[in-house]
Amino acid sequence: MGDDRTVARVLLDRRGCTYAEEAGIRLADRPSPLYQLLVLATLLSTRIRARVAVAAARELFAAGYRTPQAMEAASWQDRVDALGRGHYRRYDERTSTMLGTGARLCLDRWRGDLRRLHREADGDPAGLRRRLTEFPGIGPTGADIFLREAQTVWPDVRPYADRRTLAGAKRLGLPASPDRLAGLVGAAEFGRLASALVRVALGEESAGEVNRTAAGAR
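Conventions we followed
- Residues numbered from 1 in each chain as written.
- Predicted model: local features only at pLDDT ≥ 70, side-chain atom pairs only at ≥ 80, totals over all residues.
- Heavy atoms only, no water.
- 1 Å grid on protein atoms, 1.4 Å probe; cavity = no way out; pocket = protein on both sides within 12 Å on 5 of 7 lines; lining within 4 Å.
- Points joined across faces, edges and corners; volume = space filled by probe spheres on them.
- Helix = DSSP H or I, 4+ residues; strand = E, 2+ residues; numbered from the N terminus.
- Nonpolar A, V, L, I, M, F, W, Y, C, P; charged D, E, K, R; others polar.
- Salt bridge = Lys/Arg side-chain N within 4 Å of Asp/Glu carboxyl O.
- Buried < 20%, exposed > 50% of the residue type's maximum accessible area, 1.4 Å probe, protein only.
- Expected span 1.5 Å × (residues − 1).
- Contact = heavy atoms within 4.5 Å.
- Core = buried A, V, L, I, M, F, W, Y, C linked by side-chain atoms within 4.5 Å.
- Polar contact = N/O pair within 3.5 Å; in protein donor to acceptor, adjacent residues only side chain to side chain.
- Axes fitted to C-alpha atoms, helices over the stretch in contact; angles between N-to-C directions.
- Parallel < 35°, antiparallel > 145°, perpendicular 65-115°, else oblique.
- Left-handed = near helix turned anticlockwise from the far one by under 90°.

Novice: Would you explain the layout of surface pockets in this entry?
Specialist: Left-over empty space is what a probe sized like a water molecule reveals as it rolls over the atoms. Counted as a void, the largest pocket has a volume near 240 Å³. L44, T46, I48, R164 and L202 are, among the 16 residues lining the largest pocket, the residues nearest its centre. Elements that contribute at least two residues to the lining of the largest pocket include exactly helix 10 (140-150) and helix 11 (163-172). Looking at the lining of the largest pocket residue by residue, the classes come out as 7 nonpolar, 3 polar and 6 charged.

In structure tokens, the structure reads:
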């Protein structure tokens, strides 16, 4: 366990920035940042590099589309243009439509506040996943992305480790169980660890380099 904790600490030191933070989202249990996380999860759900999805999210937010009201009020072409500035061109037109439709659903169903979705599901991950997948562009993978990041502000969801998180843990030789992984770091740090493990699974971080650094620190 001691060695596993060292590996987890090295990984956090190297890759402790969540995808939400990388996209410029100051995540909090408030309507606007939670909606921005939903947008990011939508963009990350397509078969496109994570850095491109993050860049596209930053462009949408820079254009002022940080709330469902603003996203819906933007024209379809304005959303396409913002996605294009982030080089999210392969899926830009379809994604622009999904973002507009999703914004309207958020307003109609949740009054623009995803905390209502959280309360309706009573913090149950399975219930949250079912409700999240009602949004266009959010399938099981997108719901996993949202909850993996949201657990930093929704403690009742912790420890949330999706298949990519567990795949990254396997590459590092760490426990393949959410509860055991959570035991390696403080409760508030688990969301960061989960995101960092995804980076290992996607090849954004070298498992070998992390383990070598950890071995040298022991």
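Having seen the structure, we can now continue with the description.
Novice: Would you mind showing me how to read the pattern of salt bridges here?
Specialist: Close approach of charged atoms allows side chains with opposite charge to pair. Summed over all chains, the structure comprises 16 salt bridges. Of the charged contacts, one joins E205 and R15 as a salt bridge, the two residues approaching to 3.3 Å between their closest N and O atoms. In this pair, E205 is assigned in the loop between helix 13 (190-201) and helix 14 (207-217) and R15 in helix 1 (residues 2-15), connecting sequence segments 190 residues apart. Among the residues examined, E205 registers a relative accessible area of 8% and is labelled buried. Connected via shared salt-bridge partners are R109, E120, R131 and E134.

Novice: Quick question: what am I supposed to make of helix 4 (residues 50-62) here?
Specialist: Every α-helix carries 3.6 residues per turn, so stepping three or four residues along brings you back to the same face. Along its 13 residues, helix 4 runs 18 Å from first to last C-alpha, staying within 8% of the 18 Å computed at 1.5 Å per residue. Those residues of helix 4 that sit buried are A50, V52, A53, V54, A56, A57, L60 and F61. Where the residues of helix 4 are buried, they touch helix 2 (19-22), helix 3 (31-44), helix 5 (68-73), helix 6 (76-85) and helix 7 (92-110). Looking at the residues trailing helix 4, positive phi occurs at G64, about 100°.

Novice: What exactly am I supposed to notice about the nonpolar core here?
Specialist: It is characteristic of soluble globular proteins that their nonpolar side chains tend to be buried jointly. With 49 residues, the main nonpolar core has L40, L43, L60, L114, F146 and W154 as its most contacted residues. Elements represented by at least two residues in this core include exactly helix 2, helix 3, helix 4, helix 6, helix 7, helix 8 (114-120), helix 9 (125-132) and helix 10. At 9 residues, the largest contribution of residues to this core is made by helix 3. Aside from chain neighbours lying at most four places away, what touches L114 is L34, Y35, L38, C106, F135, F146 and W154. With 21 residues, the next largest nonpolar core counts A169, V185, L193 and L197 among its residues.

Novice: Help me understand the side chain of R148 in this model?
Specialist: Mapped onto the elements, R148 comes out in helix 10. Polar contacts involving the side chain of R148 include one to the side chain of D162, which spans 2.9 Å. Among residues more than four places away in sequence, those in contact with R148 are Y19, Y160, D162, T165, G191, A194, S195 and V198.

Novice: Which parts of the structure should I look at to understand empty space enclosed by the protein?
Specialist: Following the criterion strictly, the structure yields 1 cavity of 30 Å³ or more and no others. In this structure, the largest cavity encloses a volume near 70 Å³. Lining the largest cavity we find Y35, L38, V39, T42, M98, L99, G102, A103, F135 and P136. Listed by contribution, the elements that provide at least two residues to the lining of the largest cavity are helix 3 and helix 7. Residues belonging to the lining of the largest cavity are distributed by class as follows: 8 nonpolar, 2 polar and no charged.

Novice: Just checking my understanding: could you explain the environment of E59 for this structure?
Specialist: For E59, the position within the fold is in helix 4. When its relative accessible area of 26% is taken as the criterion, E59 is described as partly exposed. Remark: the alpha-carbon pair of E59 and L83, spanning 24 residues in sequence, is separated by 6.7 Å. Of note is the side chain of E59, whose polar atom sits 3.4 Å from the side chain of R85.

Novice: I'm lost on the side chain of T46 in this one. Help?
Specialist: When you line up the elements, T46 lands in the loop between helix 3 and helix 4. Side-chain polar atoms of T46 contact the backbone oxygen of L43, separated by 3.1 Å.

Novice: Even after reading the chapter, I still don't get the packing of helix 4 against helix 6, so can you show me in this structure?
Specialist: How two helices pack is summed up by the angle between their axes together with the distance between the axes. Closest axis-to-axis distance for the helix 4/helix 6 pair is 7 Å, and the angle between their directions is 135°. As far as their axial angle goes, helix 6 and helix 4 are oblique. Regarding helix 4 and helix 6, the two cross each other, and that crossing is right-handed. On helix 6, the residues touching A56, E59 and L60 of helix 4 are R79, A82, L83 and R85. By residue class, the composition of the contact of helix 4 with helix 6 is 4 nonpolar, no polar and 3 charged.

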